[in-house]
Amino acid sequence: MRSSYKKDDVILLLKDITGMVEPQPTEEREKLIQSGRHYSEMLPIEYVPTEKYMEVYRESLRNYSKAVANAVGVLSDRIINLREKDTVIVSLARAGIPIGILVKHYIKFKYGADIPHYSISIIRGRGIDDNAMKYLLKSYEAERLLFLDGWIGKGAILKELKKDIAAYKGVSDEIAVVADPANVTELCGTHEDILIPSSCLNSTVSGLISRTFLRSDIIGKNDFHGAVFYENLKSSDLSYDFINAIEKEFSLNNHEDNAFIEGRGIDEVEKIAAEFAIDDINLIKPGIGEATRVLLRRVPWKVLIDPRYKDDAELSHLLRLAEEKNVPLELYPLKHYKCCGIIKKIADA
């Protein structure tokens, strides 16, 4: 699979389906998803954000690179302490890819080890890419594989992973992430809901590839899951701009924040569902990364913001996106998260 990443940084176990799928407008996709079509059978139209939004992104990158670099360092230290240097990083496309590259670079920076990094697809409700897993298991011992993602919202992908990985003897269902506000994995850089600036953009910070795709007329039984390469967005590609900004802040000594809140994020999500009469929990996307995704590629109903963070610069990109898309903001007390995006229920879907 083509991308704007260097081959030394990541090998994408994906089928290049560029030109085979017609991207669809957000509203059209949302209506189809809510009427029962699986999200992985469609791709969104990827657009270049407004200059005002990009200003906010660049400011976020300047302000929060250090915190993300520290969390990447903490996570990398934990990986080495747990697995030593023979780990094979398997990042989950696409949010996991830039984080996988950063962890690979950090381990080389601090420990001098050049560990392999592959990226594969896992799709909620459809499972992990079995062909990609078979490919990896032909080359590496099962115990060496370590799954990695950017952050955890409510833990749906981890639940999917735990279910699927049982079929692969010796492969751990553990997942490594930079931020785990849901409180479901110990292999994280922090349990705080921090802003990871790569969540603010789509393909232009992810090697110019789309989110992953799975539809039987295009993806055959022996194929990897698919993705599109957006060559037309080359002039807007910030994939290495993001990686380089974080790497500049790498330190040999990282600070573990020990942020920990009792309970699980999913309990909070279920409370929100009950209070707002939302019958489909998949419409609730908690945490900075997930709320940002709602505003970027779904049809948002509203964004909940914990009153403690209403003036926090960490959420400035969210406020900008909400303003541009005319999405209401509501102050709502949250424990594990700083904000939460809610997708609009389309009545006639």
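Residues numbered from 1 in each chain as written. Predicted model: local features only at pLDDT ≥ 70, side-chain atom pairs only at ≥ 80, totals over all residues. Heavy atoms only, no water.

1. Some thoughts on the overall build of the protein
Thought 1: Across its full length, the protein carries 9 helices and 14 strands.
Thought 2: Relative to a compact globule of 349 residues, whose C-alpha radius of gyration would be 20 Å, the protein shows 19 Å and is just as compact.
Thought 3: Summarising its shape, the C-alpha atoms of the protein cover approximately 50 × 50 × 40 Å along the three principal directions.
Thought 4: The proportion of buried residues among the 349 residues of the protein is 58%.
Thought 5: The long-range share in the protein, meaning contacts at least 24 apart out of those at least 6 apart in sequence, stands at 81%. (Helix = DSSP H or I, 4+ residues; strand = E, 2+ residues; numbered from the N terminus. Rg over C-alpha atoms; globule rule 2.2 N^0.38 Å. Buried < 20%, exposed > 50% of the residue type's maximum accessible area, 1.4 Å probe, protein only. Contact = heavy atoms within 4.5 Å.)

2. Topic: helix H3 (residues 96–111)
Thought 1: For H3, which comprises 16 residues, the first-to-last C-alpha distance of 21 Å matches the rise-based estimate of 22 Å (1.5 Å per residue) to within 8%.
Thought 2: Most of H3 is tucked away: 12 of the 16 residues are buried.
Thought 3: Among the residues of H3, Gly 96, Ile 97, Pro 98, Ile 99, Gly 100, Ile 101, Leu 102, Val 103, Lys 104, His 105, Tyr 106 and Ile 107 are the ones counted as buried.
Thought 4: Just downstream of H3, Gly 112 is the residue with a positive phi angle, here 70°. (Expected span 1.5 Å × (residues − 1).)

3. Some points on the pattern of salt bridges
Thought 1: Taken as a whole, this structure holds 25 salt bridges when the rule is applied.
Thought 2: Lys 134 is the salt-bridge partner of Asp 130, the closest N and O atoms lying 2.9 Å from each other. A residue pair is termed a helical-turn pair when its members lie 3 or 4 positions apart in one helix, as Asp 130 and Lys 134 do in helix H4 (residues 130–139) at 4 residues.
Thought 3: The exposure class of Lys 134 is partly exposed, given its relative accessible area of 45%.
Thought 4: For Lys 310, the salt bridge goes to Asp 311, with nearest N and O atoms at 3.2 Å.
Thought 5: By relative accessible area, which is 67% here, Asp 311 ends up exposed.
Thought 6: Through salt bridges that share partners, Arg 2, Asp 16, Glu 231 and Lys 234 make up one connected network. (Salt bridge = Lys/Arg side-chain N within 4 Å of Asp/Glu carboxyl O.)

4. A word on the packing of H3 against helix H6 (residues 239–247)
Thought 1: Between H3 and H6, the least distance of the axes is 10 Å, while the angle of their chain directions is 40°. Compared by their axis directions, H3 and H6 come out oblique. In this structure, the crossing between H3 and H6 has a hand that is right-handed. Residue-level contacts link Pro 98, Ile 101, Leu 102 and His 105 of H3 to Phe 242, Ile 243, Ile 246 and Glu 247 of H6.
Thought 2: Across the contact of H3 with H6, the residue classes tally to 6 nonpolar, 1 polar and 1 charged. (Axes fitted to C-alpha atoms, helices over the stretch in contact; angles between N-to-C directions. Parallel < 35°, antiparallel > 145°, perpendicular 65-115°, else oblique. Left-handed = near helix turned anticlockwise from the far one by under 90°. Nonpolar A, V, L, I, M, F, W, Y, C, P; charged D, E, K, R; others polar.)

5. Focus: the sheet that holds strand S1 (residues 11–12)
Thought 1: Read across the open sheet, the 6 strands follow the order S1-S4-S3-S7-S8-S9; overall the sheet is parallel. The open sheet has two free edges, formed respectively by S1 and strand S9 (188–190), since each of these has just one partner strand.
Thought 2: Pairing of strand S7 (residues 145–151) with strand S8 (residues 175–179) involves 4 bridges; the strand directions are parallel. When the bridges of S8 are listed, Leu 148 appears paired with Ala 176.
Thought 3: Taken strand by strand, H4 contacts strand S3 (88–92), strand S4 (117–120) and S7, and its axis lies near 160° from that of S4. (Pairing = 2+ DSSP bridges.)

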